[in-house]
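# Breakdown of the fold
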Amino acid sequence: MLRSLSHKRHLHHHLRTLAATTSTIKSPLHRSPFSPIRTLSTSSSNSTDAELRKYLGYTALVLFCGAATYYSFPFSENAKHKKAQIFRYAPLPEDLHTVSNWSGTHEVQTRHFHQPENLQQLEELVRQSNEKRMKIRPVGSGLSPNGIGLARGGMVNLALMDKVLEVDKQKKQVRVQAGIRVQGLVDAIKEHGLTLQNFASIREQQIGGIVQVGAHGTGARLPPIDEQVVSMKLVTPAKGTIEISKEKDPELFYLARCGLGGLGVVAEVTIQCVERQELVEHTTVSNMKDLKKNHKKMLSENKHVKYLYIPYTDTVVVVTCNPVSKWRGPPKFKPKYSKDEALQHVRELYRESLKKYRAEDITAKSSDSGEPDINELSFTELRDKLLALDPLNKDHVIKVNQVEAEFWKKSEGYRVGWSDEILGFDCGGQQWVSEICFPAGTLSKPSIKDLEYIEELKQLIEKEDVPAPAPIEQRWTVRSQSLMSPASSSAEDDIFSWVGIIMYLPTMDARQRKEITEEFFHYRHLTQSQLWDKYSAYEHWAKIEVPKDKEELEALQARLKRRFPVDAYNKARRELDPNRILSNNMLEKLFPLSNTV
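Predicted, not measured: the structure shown is a model, and the values here were computed from it.

## A word on the overall build of the protein
Looking only at helices and strands, the protein features 16 helices and 21 strands. The long-range fraction of contacts in the protein, counting pairs at least 24 apart against all pairs at least 6 apart in sequence, stands at 72%. As displayed, the protein offers around 30,400 Å² of accessible surface, 50% of which is attributable to carbon and sulfur atoms.

## Section: the side chain of Thr527
Along the chain, Thr527 falls in helix 13 (residues 510–535). A polar contact of 2.6 Å, which involves the side chain of Thr527, links it to the backbone oxygen of Arg524. Non-local contacts of Thr527, meaning those with residues more than four positions away in its chain, are made with Tyr453, Leu457, Leu460, Ile501 and Trp532.

## Concerning the sheet that holds strand 14 (residues 278–286)
Taking strand neighbours across the sheet as the criterion, the 8 strands line up as 17-14-16-15-19-20-18-21 in an open arrangement whose pairing is antiparallel. Of all strands in the sheet, those with a lone pairing partner are strand 17 (413–418) and strand 21 (538–539), marking the two edges. Pairing of strand 15 (residues 304–309) with strand 16 (residues 316–323), which is carried by 6 bridges, proceeds in the antiparallel orientation. Across the sheet, residue Tyr309 finds its bridge partner in strand 16, namely Val316. Sitting on the sheet, helix 12 (residues 449–463) touches strand 15, strand 18 (431–442), strand 19 (472–478) and strand 20 (494–504), and the angle it makes with strand 19 is about 160°.

## Focus on the pairing of strand 20
Most of strand 20 sits out of view: 10 of its 11 residues are buried. Bridging between strand 18 and strand 20 involves 10 bridges; their strand directions are antiparallel. Paired with Phe438 across the bridge in strand 20 is Ser497. The pairing of strand 19 with strand 20 spans 6 bridges and is antiparallel. By the bridge assignment for strand 20, Trp476 is matched with Ser497.

## Some thoughts on the packing of helix 8 (residues 339–357) against helix 9 (residues 379–389)
Closest axis-to-axis distance for the helix 8/helix 9 pair is 10 Å, and the angle between their directions is 25°. Classed by the angle they form, the pair helix 8 and helix 9 counts as roughly parallel. Judged by the sense of rotation from one axis to the other, the crossing of helix 8 with helix 9 is left-handed. Side by side, helix 8 and helix 9 meet where Leu343, Val346, Arg347, Leu349, Tyr350, Ser353, Leu354 and Tyr357 of the first sit next to Phe379, Leu382, Lys385, Leu386 and Leu389 of the second. Within the contact of helix 8 with helix 9, the residues separate by chemical class into 10 nonpolar, 1 polar and 2 charged.

## Structural notes on the pairing of strand 16
In terms of residue burial, strand 16 counts as a mostly covered element, since 7 of its 8 residues are buried. Direction of pairing for strand 14 relative to strand 16: antiparallel, over a ladder of 8 bridges. Opposite Thr284, over in strand 16, you have Val318 as the bridge partner. The antiparallel hairpin formed by strand 15 and strand 16 contains 6 residues in its connecting segment, where Tyr312 sits at a positive phi of about 65°.

## Description of the packing of aromatic side chains
Geometrically, a pair of aromatic rings is defined through the distance of the ring centres and the angle of the planes. A full pass over the atoms with the stated rule returns 16 aromatic pairs. Between Phe407 and Trp408, the ring centres sit 5.3 Å apart and the planes meet at 70°, which makes this aromatic pair edge-to-face. Trp408 shares its class with Phe407; the two are buried. Taken together, a centroid distance of 5.8 Å and an interplanar angle of 80° make the contact between Tyr538 and Phe564 edge-to-face. Remark: Phe564 occurs in the loop between helix 14 (550–563) and helix 15 (566–576) and Tyr538 occurs in strand 21; sequence separation between them is 26 residues. By relative accessible area, which is 10% here, Tyr538 ends up buried. Of the residues examined, Phe564 reaches a relative accessible area of 4% and is grouped as buried.

## Some words on helix 12
With 15 residues, helix 12 extends 21 Å between its outermost C-alpha atoms, agreeing within 8% with the 21 Å of an ideal straight helix rising 1.5 Å per residue. Lining the buried residues of helix 12 we find helix 7 (288–301), strand 15, strand 18, strand 19, strand 20 and helix 13. Looking one or two residues beyond helix 12, the residue adopting positive phi is Asp465, at roughly 55°.

## Things to note about the side chain of Thr236
Within the secondary structure, Thr236 is located in strand 10 (residues 229–236). Within polar-contact distance, the side chain of Thr236 engages the backbone nitrogen of Lys239 at 3.0 Å. Apart from residues no more than four positions distant in its own chain, Thr236 is found in contact with Val126, Ile242, Leu263, Gly264 and Leu576.

## Let's talk about the nonpolar core
The nonpolar side chains of soluble globular proteins are, as a tendency, buried together. In terms of nonpolar packing, the biggest core is built from 69 residues, with Leu122, Leu185, Ile207, Ile271, Trp541, Leu560 and Phe591 touching the most fellow members. Those residues within four positions of Leu122 in sequence are excluded, and the remaining contacts are Pro116, Val156, Leu158, Met161, Val235, Val265 and Ala267. Counting residues in hydrophobic clusters, the runner-up holds 39 residues, among them Leu505, Ile516, Phe520 and Ala537.

## Some thoughts on the pattern of salt bridges
Tallied over the entire structure, the rule returns 28 salt bridges. Across the pair Asp187 and Lys190 runs a salt bridge whose closest N-O atoms are separated by 4.0 Å. Using a relative accessible area of 39% as the deciding quantity, one classes Lys190 as partly exposed. Where Lys561 meets Asp567, a salt bridge forms, and the shortest distance between an N and an O atom there is 3.5 Å. Lys561 gets classed as partly exposed once you look at its relative accessible area, which sits at 49%. In this structure, a network of salt bridges that share partners links the residues Glu166, Arg175, Lys233, Glu243 and Glu268.

Thresholds, definitions, all that
- Residues numbered from 1 in each chain as written.
- Predicted model: local features only at pLDDT ≥ 70, side-chain atom pairs only at ≥ 80, totals over all residues.
- Heavy atoms only, no water.
- Helix = DSSP H or I, 4+ residues; strand = E, 2+ residues; numbered from the N terminus.
- Contact = heavy atoms within 4.5 Å.
- Areas by Shrake-Rupley, 256 points an atom, 1.4 Å probe, with all protein chains shown as cover.
- Polar contact = N/O pair within 3.5 Å; in protein donor to acceptor, adjacent residues only side chain to side chain.
- Pairing = 2+ DSSP bridges.
- Axes fitted to C-alpha atoms, helices over the stretch in contact; angles between N-to-C directions.
- Buried < 20%, exposed > 50% of the residue type's maximum accessible area, 1.4 Å probe, protein only.
- Parallel < 35°, antiparallel > 145°, perpendicular 65-115°, else oblique.
- Left-handed = near helix turned anticlockwise from the far one by under 90°.
- Nonpolar A, V, L, I, M, F, W, Y, C, P; charged D, E, K, R; others polar.
- Phe/Tyr/Trp six-rings, centres within 6.5 Å; stacked < 30°, edge-to-face > 60°.
- Expected span 1.5 Å × (residues − 1).
- Core = buried A, V, L, I, M, F, W, Y, C linked by side-chain atoms within 4.5 Å.
- Salt bridge = Lys/Arg side-chain N within 4 Å of Asp/Glu carboxyl O.

See below:
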């Protein structure tokens with residue numbers, strides 16, 4: 001039997017407010033003290049000033065009660081006064097569950113969330129859903145910032161299909177069920193001396209999801225993760241279960257590897273792995289002037305490299321990772337600063353900021369307050385707390401960025417570990433992210449467009465007074481042969497740069513989150529309007545956002561058609577999923593199968 005995932009049901013925050021005011025306001029009199037047939041003008045000559053004040057008081061009470069009822073009473077959906085409704089007093093039905101992405105930026109309510117336990121159950125689910133024309137949008141771990149896997153009509157999640165099915169040590173290939181998470185896969189194959197070729201910043205993605213959205217790690221000699229897929233098993237609504245590879249139906253294979261979940265439910269994946277190895281991570285702090293001198297060398301001589309830029313400073317954090325030398329071993333290095341010394345400036349700014357923003361919190365927190373001691377917080381936790389105090393104040397954000405730069409200067413050094421341990425990155429708390437990908441020449445001849453993009457981006461931030469937190473992250477990959485990948489290219493030596501901008505959501509306050517969201521989309525729009533076309537930049541599929549404006553949406557659709565084989569993709573969708581049961585609102589908006597928007 002299919003198991004349904006139980007999600008914590010989220011009630012609207014205003015219900016808590018309403019609960020405190022549910023007692024009915026009753027008048028002390030049974031009939032209205034201000035009868036329409038009894039007016040002040042007909043009062044007797046001996047009426048006193050006290051009676052006049054009494055009637056005026058009754059009038060004010062009636063008006064107040066009427067206003068309170070008007071704004072809090074649960075009007076029906078078709079009520080004429082619906083727009084005046086402040087509170088919505090309507091609990092969700094018992095079978096309706098809220099499903100949201102990790103950052104809480106996108107959510108849907110659905111009655112259908114399926115979790116098959118094996119291939120046969122998945123095949124039967126797809127067959128029945130197609131017959132009934134019921135949605136079963138594939139959704140992975142829900143980590144995509146744009147909620148690309150969410151659908152109100154229904155979803156299918158393969159978390160219970162998480163097994164390693166076969167390991168070929170000679171070919172260094174593994175066949176897995178698509179619901180296995182990256183960390184689970186890595187843990188399962190390390191006993192065979194194998195690991196994945198590259199990693200994204202986190203390890204909680206399901207393999208099916210990380211492949212379908214074209215996720216990537218970093219390294220100018222390494223491709224995005226979809227390029228590591230040797231073959232796939234797709235369960236399709238129209239053609240049942242099909243196996244595809246570059247030998248079996250290569251046209252569909254290269255289209256479906258980064259298929260956004262729209263061509264079939266990815267049930268199994270065969271992945272090309274590499275030998276497990278230890279890496280040396282080297283973190284240094286540089287600046288743009290020095291970076292330009294060494295950029296080509298950085299890309300060509302390091303297996304993995306990324307740059308972290310700190311807005312409103314000239315600081316660039318350079319992180320490289322390379323295999324431990326078999327002859328020399330790991331480098332001998334003693335850090336110049338301790339962890340506490342590296343965090344000193346951050347902690348001091350937090351204490352100073354508390355004095356400014358929260359005078360009542362100056363004193364140390366008591367042991368029963370539930371607040372962690374400041375000395376126990378990591379850097380990213382401290383940054384979240386700092387930004388939460390005044391997230392849209394540019395001057396405050398600049399101070400936070402400046403202490404982050406100091407933190408990295410005091411964190412220079414080496415770290416040694418296995419690749420799955422070293423290549424991760426603490427991204428911080430909930431956040432809005434926009435990441436774009438654009439061509440950057442070849443490994444032998446970089447175009448330097450990647451650094452020029454960053455220079456223009458930082459100038460734009462300062463010109464427009466954007467309260468941009470750190471970091472702006474820049475990574476590289478070689479091309480992908482997957483036709484829908486943002487790094488797709490037919491030239492095997494082409495390299496692509498990936499640049500991500502960010503705004504954190506360090507609070508659960510709805511008003512503050514709304515304001516941060518509006519500012520982030522302003523920030524994103526500035527980069528889109530002034531930089532994307534100039535650099536032929538396209539957004540990561542897990543981070544693209546669908547415009548609400550019709551003209552902007554039509555412009556985005558046309559832009560995507562210029563870069564990707566949208567007609568071929570839609571043709572495959574019609575053939576494999578004619579009833580669009582695997583689709584959702586995002587896919588329908590980005591790749592409409594008709595002329596209507």
